[in-house]
Amino acid sequence: MVASRVIQVTLPSGDPVWVDVSPGPEELSHDRPAGPLDVGLGRRPEEIAELGELPGFTEVVQGVVGSVHESLSRYKPVSIGVEFGIEIAVRSGKALSLLAEAGGSAHVKVTASWGVTSAPLRPSERAPGDVG
Amino acid sequence: MITRVTAQDLLALCTMRLDVNGTATGTALVVAPCYAVATAHQVNGRRRAEVALCSRTGDTVLGQIEDVRPPARSVPAVRNSTYPPPDLALIRLKSEASICALLSEQRPALNSEVVAYGYTCTFDACSVTAESEAFVLSGELETTLPGFTLIKLGHGQAIQGMSGAPVLGTSSGKVIGLLRTSRDSGIGNLGAWVIPADLIRQQWPEQVGAGHDSFHSRDDRWHRVSSDIATAERHARSTGAPPASQIGSIVGGAGPTSVIIQSSFRDIAVSATPALPPSGSPPRDGADG
């Protein structure tokens, strides 16, 4: 069994965080030969990598929320809510933000809800000083 | 009075669980009164980390990583599953050890039997307990570091936690090296890679080499055990008797020094009294002591 790895990524806010990521499909492939492995307990250094900025995180959140709103807005619901997860994974040595289920292997759970009269503003519509 | 001392007994006093930031990382070996060694990957290649070494008896010695080779900054962030050679960490102990492992200056012959002693989570996947595993020396493996050749072991399973585990030569009673890597990341018995004791000494000739030699020149317990093992081996070879590692007891001849060997653990009696009982007394079966 291939153990998960710990990676450090930088969130869009600029804050570095450590994330426990599961192995990618290339690591789970049964064609990959089982080779030598250092046998220390705990995290092995090769599992700990600093992969810099985390691309796609903001885009995933904005894209999902915006898309849900656009899809439902013509039906004029009283309120709209959406819940989803973001899984941080490593593929080909790079950290990626993957849309995932709200629970399970997701590292971040996003819950957004709004009434029709208080629809989420696009970034270009925010007033100066808004931080939401 | 006969005092039974085995090489395993002495090694158990020097084999410690290595904790870094309160987390067990495997095993470390006391090699000099003020120094222990472990693998670099156990401490993530970081110098100056504060560590704790815990014995099976519950004693804890604090220490600090004095040197690590190679350091983390020179190791690629993402790489294959093995740490680059030498993969060694030198730990400065904050309390002086009362006994140090006897490092072998020679590499054992092919097919030699050895035993590794480490701290693993095998029992229940969360508790760290002592575990040993027997191997057979199956060859050598050159690394990318010139002059740094590992010992290859076969016919045994190197479990996680065995990193830093001393490997004891059963025919010499000395530590032949430090286990670092399983040859197969699966669950097979493919064996392990070992950092040879002579290369460990070469890394730190003063801290390890001189400290180790100075200790063993003052305290000859381990040398005596090792010498008695060698004597018993020669006796077994010359008489055609079964190796002492298998069964039964071998009672040595009378004289100022006697050697009694029992079982597969090479129980060695280091004594100034004759081994044979006085006439008229029932023969000793070697099970006393």
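About the thresholds
Residues numbered from 1 in each chain as written. Chains lettered and ligands numbered in written order. Predicted model: local features only at pLDDT ≥ 70, side-chain atom pairs only at ≥ 80, totals over all residues. Heavy atoms only, no water. Helix = DSSP H or I, 4+ residues; strand = E, 2+ residues; numbered from the N terminus. Buried < 20%, exposed > 50% of the residue type's maximum accessible area, 1.4 Å probe, protein only. Contact = heavy atoms within 4.5 Å. Areas by Shrake-Rupley, 256 points an atom, 1.4 Å probe, with all protein chains shown as cover. Core = buried A, V, L, I, M, F, W, Y, C linked by side-chain atoms within 4.5 Å. Axes fitted to C-alpha atoms, helices over the stretch in contact; angles between N-to-C directions. Left-handed = near helix turned anticlockwise from the far one by under 90°. Nonpolar A, V, L, I, M, F, W, Y, C, P; charged D, E, K, R; others polar. pLDDT = per-residue confidence, 0-100. Polar contact = N/O pair within 3.5 Å; in protein donor to acceptor, adjacent residues only side chain to side chain. Disulfide = S-S within 2.5 Å. Pairing = 2+ DSSP bridges. Salt bridge = Lys/Arg side-chain N within 4 Å of Asp/Glu carboxyl O.

1. A short note on the overall build of chain B
Per the secondary structure count, chain B includes four helices and 16 strands. The 289 residues of chain B split such that 52% are buried. For chain B, restricting intrachain contacts to residue pairs at least 6 apart in sequence, the fraction spanning at least 24 positions comes to 62%. If you sum the accessible surface of chain B, you get close to 12,900 Å²; carbon and sulfur atoms cover 53% of it.

2. Quick look at the nonpolar core
Membership of the largest hydrophobic core comes to 55 residues, with the highest contact counts inside it found for Leu18, Leu29, Val37, Leu53, Ile91 and Trp222 of chain B. Residues within four places of Val37 of chain B in sequence aside, it is in contact with Ala28, Leu29, Val31, Ala89, Leu90, Leu178, Ile200, Trp204 and Val208 of chain B.

3. Here we look at the packing of helix H1 (residues 7-14) of chain B against helix H4 (residues 221-239) of chain B
Residues and elements named next belong to chain B. The interhelical angle for the contact between H1 and H4, taken along N-to-C directions, is 145 degrees, at an axis separation of 10 Å. Where H1 crosses over H4, the two elements pack in a sense that is left-handed. The segment H1 lies against H4, with Ala7, Leu10, Leu11 and Cys14 engaging Arg221, Trp222, Val225 and Ile229. For the contact of H1 with H4, the class distribution of residues is seven nonpolar, no polar and one charged.

4. Some words on the confidence of the model for chain A
All names here are of chain A. Summary statistics for chain A give a mean pLDDT of 69 and a share of 55% for residues scoring 70 or more. The spread of mean pLDDT over the elements of chain A runs between helix H1 (residues 25-28), the lowest at 51, and strand E3 (residues 37-38), the highest at 88. This model gives residues 44-49 a pLDDT under 50, and the stretch forms 32 contacts once residues within four places in sequence are excluded. Considering only residues more than four positions removed or in separate chains, one finds that residues 125-132, a stretch of pLDDT under 50, has three contacts.

5. A word on the side chain of Asp219 of chain B
All names here are of chain B. If you trace the backbone, Asp219 turns up in the loop between helix H3 (205-218) and H4. Residue class for Asp219 comes out buried when judged on its relative accessible area of 16%. In this structure the side chain of Asp219 is engaged in a polar contact, spanning 2.7 Å, whose partner is the side chain of Arg221.

6. Quick notes on the state of the cysteines
Two cysteines whose sulfur atoms are joined by a covalent bond form what is called a disulfide. Residues and elements named next belong to chain B. Across all of its chains, the model carries zero disulfides over all chains by this definition. Just so you know, Cys34 is unpaired, no disulfide at all, and the nearest cysteine sulfur is the one on Cys100, 8.6 Å from it. Unpaired in terms of disulfides, Cys126 finds its nearest cysteine sulfur in Cys121, a separation of 7.2 Å. The exposed category is assigned to Cys126, whose relative accessible area is 60%.

7. With respect to unusual backbone geometry
A negative phi angle is the norm for most residues apart from glycine, just as the trans form is the norm for most peptide bonds. All names here are of chain B. The linkage connecting Arg69 with the following residue, Pro70, adopts the cis geometry, with an omega of -10 degrees. Note on placement: Pro70 falls in the loop between strand E6 (60-69) and strand E7 (88-93). If you check the backbone angles, Arg48 has positive phi at about 65 degrees while not being a glycine. Considering the arrangement of structural elements, one finds Arg48 in the loop between strand E4 (35-38) and strand E5 (50-54).

8. Comments concerning the sheet that holds E4 of chain B
Residue and element names in this part refer to chain B. Pairing in this closed barrel of six strands is antiparallel, and the strands run E2-E3-E4-E7-E6-E5 around the ring. On average, each strand axis in the sheet is tilted by 40 degrees relative to the strand beside it, whichever way the strands run. Taken together, the six bridges between E6 and E7 define a ladder with antiparallel strand orientation. Along E7, the bridge assignment pairs Asp67 with Leu90. Along the sheet face, H1 touches strand E2 (15-20) and strand E3 (23-32) and points at about 20 degrees away from the line of E2. Those strands touched by H3 are E3, E4, E6 and E7, and its axis lies near 55 degrees from that of E3.

9. Things to note about the pairing of E2 of chain B
Residue and element names in this part refer to chain B. Along E2, five of the six residues are buried, which leaves the element largely enclosed by surrounding structure. Bridging between E2 and E3 involves six bridges; their strand directions are antiparallel. Paired with Thr15 across the two strands is Leu29, which belongs to E3. Hairpin geometry of E2 and E3 is characterised by an intervening segment of two residues between the two adjacent antiparallel strands and by a positive phi of about 55 degrees at Asn21.

10. Quick word on the pattern of salt bridges
Two side chains that carry opposite charge are able to pair once their charged atoms sit near each other. For the structure on display, the rule yields eleven salt bridges over all chains. The partner of Lys109 of chain A in a salt bridge is Glu83 of chain A, and the shortest N-O contact between them spans 3.8 Å. With a gap of 26 residues between them, Lys109 of chain A in strand E7 (residues 108-115) and Glu83 of chain A in strand E5 (residues 79-91) connect regions that are remote in the sequence. For Glu83 of chain A, a relative accessible area of 46% gives the class partly exposed. Of the charged contacts in the structure, one is a salt bridge between Asp67 of chain B and Arg69 of chain B, with a shortest N-O distance of 2.7 Å. Here Asp67 of chain B falls in the buried class, since its relative accessible area comes to 11%. The network of salt bridges with common partners includes Asp38 of chain A together with Asp87 and Arg180 of chain B.

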